[in-house]
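Each chain, written out:
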Amino acid sequence: MTVVIRCCFEHAQYCRAVDMLSTSSMSTSQLKDGVSYRVTVKNTGKVLGDDAVLAFISSTVPGAPMKQLFGFERVKLAPGGSKTIFFDSPAETFASVDAKGERHIHPATYTVSIGSLRHTIKAEGDVVHVPHKKQEPHKLLKNFR
């Protein structure tokens, strides 16, 4: 699922809502596919703008972090300029880790915050297991083996 967000900043202020989906209902199995956000940032001011656009997630899952950063991008824009940036929130973004180290997506309310914008996802259904992905070591670390 892709969510389109438009935001603007003026004089390097945080994003303010112009147009955004506010609430979506999804199943926990749909969240396993992740959610992508397309954000259009526009400088409506009269001076060069420079800001970091931050993407956070929070949930009502007991024991989950109150707020977790899942993406960021620094944006520099001339007056009147705009740029589209993308934030991907894979299944791991929505998953909580249990005492055994297993990741699961729980039925809950998840809130994605990008700047001052909010997108609430009401996830319903069964608890879904999210398998661990094997990650390749960073290419620079391969030289040290």
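Criteria and thresholds
- Residues numbered from 1 in each chain as written.
- Predicted model: local features only at pLDDT ≥ 70, side-chain atom pairs only at ≥ 80, totals over all residues.
- Heavy atoms only, no water.
- Helix = DSSP H or I, 4+ residues; strand = E, 2+ residues; numbered from the N terminus.
- Buried < 20%, exposed > 50% of the residue type's maximum accessible area, 1.4 Å probe, protein only.
- Contact = heavy atoms within 4.5 Å.
- Areas by Shrake-Rupley, 256 points an atom, 1.4 Å probe, with all protein chains shown as cover.
- Phe/Tyr/Trp six-rings, centres within 6.5 Å; stacked < 30°, edge-to-face > 60°.
- Pairing = 2+ DSSP bridges.
- pLDDT = per-residue confidence, 0-100.
- Salt bridge = Lys/Arg side-chain N within 4 Å of Asp/Glu carboxyl O.

## Some remarks on the overall build of the protein chain
So, point 1. Regarding its fold elements, the protein chain presents 2 helices and 12 strands.
So, point 2. If you list the helices and strands of the protein chain from N to C, you get β-β-β-α-β-β-β-β-α-β-β-β-β-β.
So, point 3. Across the 145 residues of the protein chain, 36% fall into the buried class.
So, point 4. Across the protein chain, every contact between residues at least 6 apart in sequence was considered, and the portion connecting residues at least 24 apart equals 66%.
So, point 5. Just so you have it, the protein chain exposes about 8,900 Å², and 52% of that area is on carbon and sulfur atoms.

## Some words on the packing of aromatic side chains
So, point 1. One pass over the full model with this rule turns up 1 aromatic pair.
So, point 2. Taking the centre distance of 5.5 Å and the plane angle of 85° together, the rings of Phe-94 and Tyr-110 count as edge-to-face. Of this pair, Phe-94 sits in helix α2 (residues 91-94) while Tyr-110 sits in strand β10 (residues 108-114), and the two are 16 residues apart along the sequence.
So, point 3. Judged by relative accessible area, Phe-94 falls into the buried class, the value being 1%.
So, point 4. You can call Tyr-110 buried: its relative accessible area is 1%.

## Things to note about the sheet that holds strand β9 (residues 103-105)
So, point 1. Reading across the sheet, the 3 strands line up as β8-β9-β12 and stay open at both edges, with antiparallel pairing between neighbours. Edge positions in the open sheet fall to β8 (96-97) and β12 (128-130), since each of these has one partner strand only.
So, point 2. In terms of strand pairing, β8 meets β9 through 2 bridges, oriented antiparallel. Residue Val-97 lies in a different strand from β9, and its bridge partner there is Arg-103.

## Remarks on the confidence of the model for the protein chain
So, point 1. On average, residues of the protein chain score 78 in pLDDT, and 77% of them are at 70 or above.
So, point 2. A low-confidence stretch, residues 7-20 stays under pLDDT 50, and its non-local contacts, those more than four residues away or across chains, total 54 contacts.

## Quick look at the side chain of Thr-93
So, point 1. One can find Thr-93 in helix α2.
So, point 2. When residues no more than four places from it in sequence are discounted, the contact partners of Thr-93 are Ile-57 and Phe-70.

## Points about the pattern of salt bridges
So, point 1. On inspection of all chains with the given rule, the structure shows 2 salt bridges.
So, point 2. One salt bridge connects Asp-50 with Arg-74, and the closest N-O pair in it is separated by 2.7 Å. With a gap of 24 residues between them, Asp-50 in strand β5 (residues 49-59) and Arg-74 in strand β6 (residues 68-77) connect regions that are remote in the sequence.
So, point 3. Under the relative-accessibility criterion, Arg-74 is labelled exposed at 56%.
So, point 4. Ionic pairing is found between Glu-73 and Lys-83, a salt bridge with its closest N-O pair at 3.2 Å. With a gap of 10 residues between them, Glu-73 in strand β6 and Lys-83 in strand β7 (residues 82-89) connect regions that are remote in the sequence.
So, point 5. Judged by relative accessible area, which is 25%, Glu-73 ranks as partly exposed.

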